[in-house]
Amino acid sequence: MKKTLTLIAISLLTLATSAQTARQVLDKAAAVVSQKGGVKASFKMASTQYGNASGTISLKGRKFQLSVPQAKMWFDGKTLWTYMTNNDEVNVSNPTDAQLQVLNPYQFINMYKQGYNYTLKTDGTTHQVHLTAKDQKRRVQEMYITVNKKTCSPTQIKMKQGDKWTTFTVVSLKSAKLADAHFRFNAKDYPKAEVIDLR
């Protein structure tokens with residue numbers, strides 16, 4: 001009986017240590033992405049739901065600007081402008097946190113802090129953290145975040161919505177000094193665009 005209890009205690013301790021280490025890896029990755037002046041990244045996306053694309057993203061706190069061939073998005077922390085290139089149209093909305101989780105692959109820097117269990121797997125030059133949602137109603141049920149051991153920079157973000165997976169592979173990530181205006185739509189740059197306010 002004592003052996004069994006000891007084994008259970010060791011197993012629980014190992015799981016707790018693994019979770020703590022996984023949390024530390026994500027904390028360090030979040031710090032890299034959350035630099036005060038902001039960061040710019042280029043990425044490749046592969047998705048069974050949205051198809052494949054290459055793009056760029058700029059981040060500063062909760063703000064982001066995302067650009068892919070089909071669309072460009074600006075989010076200033078409250079308002080989201082989505083410009084669709086095929087019809088020269090801009091949709092304006094105030095997205096929920098759940099909607100932002102889908103739109104911004106780097107939203108993990110806020111998501112992982114609550115509502116997820118995580119485990120850590122280390123292989124060669126990378127750490128891989130596997131997150132699973134505690135609540136079945138969460139929009140993103142599962143995530144894999146791969147982080148470079150040396151730089152603590154995320155190199156791949158894989159997320160599951162419903163039964164479909166989307167993978168973002170980071171091509172480059174560098175610090176930047178980004179003004180707040182960078183994250184707001186400027187109508188002067190798109191004079192012919194039709195603006196549709198959905199707020």
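The rules behind the values
Residues numbered from 1 in each chain as written. Predicted model: local features only at pLDDT ≥ 70, side-chain atom pairs only at ≥ 80, totals over all residues. Heavy atoms only, no water. Helix = DSSP H or I, 4+ residues; strand = E, 2+ residues; numbered from the N terminus. Polar contact = N/O pair within 3.5 Å; in protein donor to acceptor, adjacent residues only side chain to side chain. Contact = heavy atoms within 4.5 Å. Buried < 20%, exposed > 50% of the residue type's maximum accessible area, 1.4 Å probe, protein only. Pairing = 2+ DSSP bridges. Axes fitted to C-alpha atoms, helices over the stretch in contact; angles between N-to-C directions. Core = buried A, V, L, I, M, F, W, Y, C linked by side-chain atoms within 4.5 Å.

Asker: Give me the side chain of His127: which residues, what numbers.
Answerer: Among the structural elements, His127 can be located in strand E8 (residues 126-133). Engagement of the side chain of His127 in a polar contact is seen with the side chain of Thr122, the distance being 3.1 Å. Beyond its immediate chain neighbours, meaning those up to four positions away, His127 contacts Val25, Leu120, Lys121, Thr122, Ile145, Thr146, Val147 and Lys149.

Asker: So, the side chain of Gln65: which residues are in play, and what are the values?
Answerer: Here Gln65 is to be found in strand E3 (residues 63-68). Its relative accessible area of 11% is what places Gln65 among the buried residues. Of note is the side chain of Gln65, whose polar atom sits 3.2 Å from the backbone oxygen of His182. Not counting the four nearest positions on each side in its chain, Gln65 is found in contact with Thr56, Ile57, Ser58, Lys72, Met73, Trp74, His182 and Phe183.

Asker: Tell me what's going on with the sheet that holds strand E6 (residues 89-93), and back it up with residues and numbers.
Answerer: One open sheet accounts for 12 strands, arranged E7-E8-E9-E10-E11-E1-E2-E3-E4-E5-E6-E12; its pairing is mixed. At either margin of the open sheet sits one strand with a lone partner, and together these are strand E7 (116-123) and strand E12 (194-197). For this sheet the average axis-to-axis angle between neighbouring strands, irrespective of direction, equals 20°. Bridge analysis of strand E9 (residues 140-148) against strand E10 (residues 154-161) gives seven bridges, and the strand direction is antiparallel. Paired with Tyr144 across the two strands is Lys158, which belongs to E10.

Asker: Pulling in residues and values, what's your account of the nonpolar core?
Answerer: Counting 35 residues, the largest nonpolar core has Phe64, Leu131 and Met143 as its most contacted members. With six residues, helix H1 (residues 2-33) is the largest single contributor of residues to this core. In contact with Phe64, not counting residues within four places along its chain, are Ile57, Ser58, Leu59, Met73, Trp74, Phe75, Leu80, Leu100, Leu103, Asn104 and Phe183. By size, the runner-up hydrophobic cluster in this structure holds seven residues, among which are Tyr83, Val90, Val92 and Phe185.

Asker: Please give an account of the environment of Ala46 that cites residues and values.
Answerer: In this structure, Ala46 sits in strand E1 (residues 39-47). In this structure the C-alpha to C-alpha distance between Ala46 and Lys158, which are 112 residues apart in sequence, comes to 9.4 Å. If sequence neighbours within four positions are ignored, Ala46 has contacts with Gly51, Asn52, Trp165, Thr166 and Thr167.

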